[in-house]
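# Inside the fold
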Amino acid sequence: MTKITTPDPRDPEIFTDAAAAVARLEELYNEATAFLCDSFAEAMESGTPKVRYRAYYPEIRIRTASYAHVDSRLSFGHVSEPGVHATTVTRPDLFRSYLTQQIALLIKNHNQPVTIGPSTTPMPVHFAVTGNPDLVVPHQGAAGFTLRDVFDVPDLTTTNDDIVNGVHEPQDGVGPLALFTAQRIDYSLARLAHYTATDPDHFQNHVLFTNYQFYVSEFENYARAQLADPDSGYTSFVSTGNVEITDPDAPLQQPLKLPQMPTYHLKRADGSGITLVNIGVGPSNAKTATDHIAVLRPHAWLMVGHCAGLRNTQALGDFVLAHAYLREDKVLDDDLPVWVPIPPLAEVQVALERAVAEVTELEGYELKRIMRTGTVASVDNRNWELRDQSGPVQRLSQSRAIALDMESATIAANGYRFRVPYGTLLCVSDKPLHGELKLPGMASEFYTTQVSRHLAIGIRAMEHLRGMPLERLHSRKLRSFDETAFL
């Protein structure tokens, strides 16, 4: 049997101070990654390692013995029943503020300490070397040895969405403490860097999704104006490729080739800034982006894209505030059945409507001239207009849909699934059922006049949400029966 070499063993420690607990998590994580990096470098140099190297993710664990209710107004920060609950942790440096907050709530609400120590989940070498630019794990067969014989590799049994989907089976009677395992988070952090060409460290707590690149230049203009204002609270702007500026007049060099989902970050020191992601067209991209951004635990995400207006009373440039979704995107059906309702979140809806009123300087009954609230249908076929109209139009009419796109229902449904507050404000760019197709001349005029105002509304809504207490924003409507303690 191959000998397994590990870092020096560490006994679990008990903590009643959240900051000290997180510091211990960082220490354990750094020891594990350093051990794997050093061992991997040595193995690549020698080419014939005679032992197996293994290190483990750190773990948070709490044991409670009472069914006593905590404050019933809280949607997070407590376990649902007595017993042992635990979660593995990765990148505690990236999640320091989040972990400190969540652990502090756990200790306070249950009046119990947490235990920090190594878990029994091996850390894949691929994720351990991510932060080391001098080390790259080669593809299978490129090294002088079989990688899986010497190091642990990603394991799909611990890299899944069983917890968020409500199908997780506790092991050894230990319930989950968080929605994502460490390996699931590491997987998404790697995917985010690949798809967006920016490091996960730059992502902010408030995320705007759009389906057009036209919004990017407007976002950059807004960012530069904020950087020029010393009282704005924004500290820097990060463009695709991790190009970061703090001077509003500094040039931004764009990469020769944009990634699949160009992403831009207007940062604040506490992470409460705004990230803009151009997910492009289609529900598959919308699911991919939200699947991975969810592990960063944002406080809200909003879709601010274009849509087809379905009512003759709508005009190009009108706004649509979604309060329900007709889900025909199909990409989430296996994770979240279509019979599951996706409720509107009052806090987000109010913030969006308030933002529209402030930017357009219309309110009350006058606001109805340019904005309509109703059902948004999301489909998986961009050329749905070319099919026989009797079926699709009948379903759209029966659903009382007022707009159609390809991404909004996916983003909202994944927000519901991942417990991330969500909302949708679309802008009507065509009316295919009424002879106004999205053609070059019409589209150009629309983009020139409406993109800036639409983006400004999305940003204003995020600023309203940023000022809201987390316990109010993170609605109990998003929490299940046996919910994890961590947000």
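The rules behind the values
Residues numbered from 1 in each chain as written. Predicted model: local features only at pLDDT ≥ 70, side-chain atom pairs only at ≥ 80, totals over all residues. Heavy atoms only, no water. UniProt positions renumbered as here; feature names shortened; annotations may be inferred. Salt bridge = Lys/Arg side-chain N within 4 Å of Asp/Glu carboxyl O. Helix = DSSP H or I, 4+ residues; strand = E, 2+ residues; numbered from the N terminus. Buried < 20%, exposed > 50% of the residue type's maximum accessible area, 1.4 Å probe, protein only. 1 Å grid on protein atoms, 1.4 Å probe; cavity = no way out; pocket = protein on both sides within 12 Å on 5 of 7 lines; lining within 4 Å. Points joined across faces, edges and corners; volume = space filled by probe spheres on them. Nonpolar A, V, L, I, M, F, W, Y, C, P; charged D, E, K, R; others polar.

Going by the annotation in an unreviewed UniProt entry, the name recorded for the protein is AMP nucleosidase, with Ruegeria arenilitoris given as the source organism. Taken from UniProt, the Function (unreviewed entry) comment for the protein reads in full: "Catalyzes the hydrolysis of the N-glycosidic bond of AMP to form adenine and ribose 5-phosphate. Involved in regulation of AMP concentrations." Entered under Catalytic activity (unreviewed entry) in the UniProt record, the comment concerning the protein runs "AMP + H2O = D-ribose 5-phosphate + adenine".

### Structural notes on the pattern of salt bridges
Two side chains carrying opposite charge are able to pair once their charged atoms lie near each other. Under the definition given, this model contains 24 salt bridges. We note a salt bridge from Arg-24 to Glu-27, for which the minimum N-O separation is 3.2 Å. Pair noted here: Arg-24 and Glu-27 are both in helix H1 (residues 18–46), with a separation of three residues, about one helical turn. According to the relative accessible area criterion, Glu-27 is partly exposed, its value standing at 36%. The shortest N-O distance in the salt bridge between Arg-354 and Glu-358 comes to 3.2 Å. Of this pair, Arg-354 and Glu-358 both sit in helix H8 (residues 346–360), four residues apart, which is roughly one turn of that helix. Here the salt bridges share partners, and the residues they tie into one network are Asp-161, Arg-184, Lys-287, Asp-291, Asp-335 and Arg-417.

### Some remarks on empty space enclosed by the protein
A full pass over the atoms with the stated rule returns one cavity of 30 Å³ or more. When its volume is computed, the largest cavity comes out at roughly 160 Å³. Lining the largest cavity are 15 residues; nearest its centre among them are Tyr-98, Leu-99, Ala-178, Phe-180 and Ile-185. Looking at the lining of the largest cavity, the elements that each hand over two or more residues are strand S5 (83–88) and helix H2 (96–110). Here the lining of the largest cavity is built from residues that sort into 11 nonpolar, three polar and one charged.

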